[in-house]
Amino acid sequence: MNKKDIANFRKQFKVNNDLLKIHEIFYVYIMKESSDIYHHQSFPFEMLEQEQKELFMDNFKKVLSGQLDEKLFELKFQRDVADNSQLILHQGLLSQDTEEWKAQMLRLVEKMLKDKQYEMDIVVTFIRGEYMKPMKRRSEESEESERDTVYSHSYILCSMNKTLDPKKELLFDYVEKEFKYNIVVDPIINLKAPISGFLFPAFTDNAADVNHVLYSAGKKYELNYHFIEEVLNAEETMTAQDDKIVFEEIVKKVTGDQINTSTLSNVYDEIHRVMEENEEEEIPRLDYKDVEKVLKHSGVKDVDTEKVESAFKTVIDDEKYEFKANNIVPKYTSKSIKIKTKVADISVSPQDLRYVRQVTFDGKLCLMIEVEENPLIEGFEMIPEALFHKANDEQE
């Protein structure tokens, strides 16, 4: 799934939407002390009150929120795994019987409980339904409505939420005209911040992809590897942060740990150009041959295939690994690059990195920034320092 597919699916989670049906909802309550199922129940989603529906819709949208490779991850199922979750989910998806569907979901819950102790009581919520995506009109003159022909997909979505201790509050009773201490013993299900979840199947090019599942982490870059490997039986994945770190280490290996800002700016420009050329297609990926081309075109000296391939083997132990281009370039138009010094921290965008230089002046290491106008400090306009003019005179 790409970010457009996810966004289209996510925005359908609203009450009384004819493009997204939720047939059934299934709750499972897990006790923290024993890691046992305390209670479970299911019923048609339409039986919920309007306010309950809205609460759950907001929760499901949060499961599907976040950036790919940061909080959301499309994972491939492992092969040859006993009691494979891909088969369990597929059987649950195809089942016409509610009890059979519940039985399959409980098999997944048992996996969640195996060798796992939760800090709070947990509520696992499953829904299954149908997602309909209208096909595009063939022409503006066509009288056919975009909803006359749709792609139809069955899906299962899971949300895991922790419980919160009830609040102790002081209330005022208008009838009795007295203050009362409100004692509530029932735990609160925190639907505002799901701790994990998934969507099955993934949707690619308007088709269901049962070989992949969309996993949702509770927080950015905080993956639950027990959930990924033992519950979903999915393959390990790299986050965007991991990709960036590995790429930087490979570049360091090739360049000898040092690179000037103009060359680094050229590297980012070159990768950004590749991304722009593939804007209409899937996110471009870069293998060791592509990295070699990028570094050569960026002005890095003494680069060859053997050196880059060796760096891949050393850093990631996989010379065939491919980076997602958008993971290894900081956000191109925002001040996403941080330059830290003892004196000051500076933020600059990749496209403006070329205007920053590290130089030696009068025997001291300095950071020089090329600007087009006099900068402002606390509302005061700076003026050029005389010593820079003096240095130029001496050089002449």
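Residues numbered from 1 in each chain as written. Predicted model: local features only at pLDDT ≥ 70, side-chain atom pairs only at ≥ 80, totals over all residues. Heavy atoms only, no water.

By the naming in an unreviewed UniProt entry, the protein goes by DUF4317 domain-containing protein and is assigned to Ornithinibacillus xuwenensis.

Student: Talk me through the pattern of salt bridges; I want residue IDs and the actual numbers.
Tutor: Using the criterion set out here, one finds 11 salt bridges in the structure. Among the salt bridges present, the one from Asp83 reaches Arg107, with a minimum N-O distance of 2.5 Å. Separated by 24 residues along the polypeptide, Asp83 in the loop between strand S3 (72-76) and helix H3 (85-94) and Arg107 in helix H4 (residues 98-113) bring together distant segments of the chain. Classification of Arg107 by relative accessible area gives partly exposed; the value is 33%. In this structure, Glu292 engages Lys296 in a salt bridge whose closest nitrogen and oxygen atoms are separated by 3.0 Å. Here the residue Glu292 and the residue Lys296 both occupy positions in helix H8 (residues 288-297), the gap between them amounting to 4 residues, near one helical turn. (Salt bridge = Lys/Arg side-chain N within 4 Å of Asp/Glu carboxyl O. Helix = DSSP H or I, 4+ residues; strand = E, 2+ residues; numbered from the N terminus. Buried < 20%, exposed > 50% of the residue type's maximum accessible area, 1.4 Å probe, protein only.)

Student: Before we move on, could you go through the packing of aromatic side chains and cite the residues and values that matter?
Tutor: Enumeration over the complete set of coordinates arrives at 21 aromatic pairs. Here the aromatic rings of Phe73 and Tyr215 are separated by 6.4 Å at their centres, their planes lie at 35 degrees, and the arrangement is tilted. In this pair, Phe73 is assigned in strand S3 and Tyr215 in strand S12 (residues 212-217), connecting sequence segments 142 residues apart. One exposure class covers both Phe73 and Tyr215, and it is buried. For the pair Tyr215 and Phe227, a centre-to-centre distance of 5.9 Å together with 35 degrees between the ring planes defines the contact as tilted. Placement of the pair is Tyr215 in strand S12 and Phe227 in helix H5 (residues 225-231), with a sequence separation of 12 residues. For Tyr215, a relative accessible area of 0% corresponds to the buried category. The exposure class of Phe227 is buried, given its relative accessible area of 2%. Following the ring pairs from residue to residue traces out a cluster consisting of Phe9, Phe13, Tyr27, Phe43, Phe56, Phe60, Tyr131, Tyr155 and Phe203. (Phe/Tyr/Trp six-rings, centres within 6.5 Å; stacked < 30°, edge-to-face > 60°.)

Student: An account of the packing of H8 against helix H9 (residues 305-316) is needed here, citing residue identities and associated values.
Tutor: The interhelical angle for the contact between H8 and H9, taken along N-to-C directions, is 125 degrees, at an axis separation of 9 Å. What the angle tells us is that H8 and H9 run oblique. For the crossing formed where H8 meets H9, the hand is right-handed. Between H8, through Tyr288, Val291 and Glu292, and H9, the contact on the second element is made entirely by Thr305, Val308, Glu309 and Phe312. (Axes fitted to C-alpha atoms, helices over the stretch in contact; angles between N-to-C directions. Parallel < 35°, antiparallel > 145°, perpendicular 65-115°, else oblique. Left-handed = near helix turned anticlockwise from the far one by under 90°. Contact = heavy atoms within 4.5 Å.)

Student: I'd like to hear about the side chain of Arg128, residue by residue, with values.
Tutor: In this fold, Arg128 is placed in strand S4 (residues 122-134). Its relative accessible area of 8% is what places Arg128 among the buried residues. Only 3.1 Å separates the side chain of Arg128 from the backbone oxygen of Gly92, close enough to count as a polar contact. Once you skip the residues sitting within four places of it in the chain, Arg128 turns out to touch Ile22, His23, Glu24, Gly92, Leu93, Ser95, Gln96, Asp97, Thr98, Trp101, Tyr155 and Ile156. (Polar contact = N/O pair within 3.5 Å; in protein donor to acceptor, adjacent residues only side chain to side chain.)

Student: So what about H3? Which residues, and what values?
Tutor: All buried positions along H3 are accounted for by Ser85, Gln86, Ile88, Leu89, Gly92 and Leu93. Seen along its axis, H3 keeps its buried residues to an arc of 165 degrees; they face one direction. Of the surrounding elements, those touching the buried residues of H3 are H4, S4, strand S5 (150-164), strand S9 (196-200) and H5. At the N-terminal boundary of H3, the capping side chain belongs to Asn84, with an oxygen 2.7 Å from the backbone nitrogen of Gln86. (Arc of directions from axis to C-beta.)

Student: How would you explain a negative patch on the surface if you had to name every residue and give the values?
Tutor: There is a patch of like negative charges on the surface, built from Glu49, Glu51, Glu54 and Asp58. Note that Glu54 resides in helix H2 (residues 50-63). Residue classification places Glu54 among the partly exposed residues on the basis of a relative accessible area of 38%. (Patch = residues over 30% accessible without salt bridge, like charges linked within 9 Å, V, L, I, M, F, W, Y side chains within 5 Å. Areas by Shrake-Rupley, 256 points an atom, 1.4 Å probe, with all protein chains shown as cover. Lys, Arg positive; Asp, Glu negative; His and termini not counted. Charge placed at Lys NZ, Arg CZ, Asp CG, Glu CD.)

Student: Any details on the environment of Met105? Residues and values, ideally.
Tutor: Among the secondary structure elements, Met105 is positioned in helix H4. With residues up to four places along the chain from it excluded, the contact list for Met105 reads Phe26, Ile88, Leu89, Gly92, Phe126 and Ile156.

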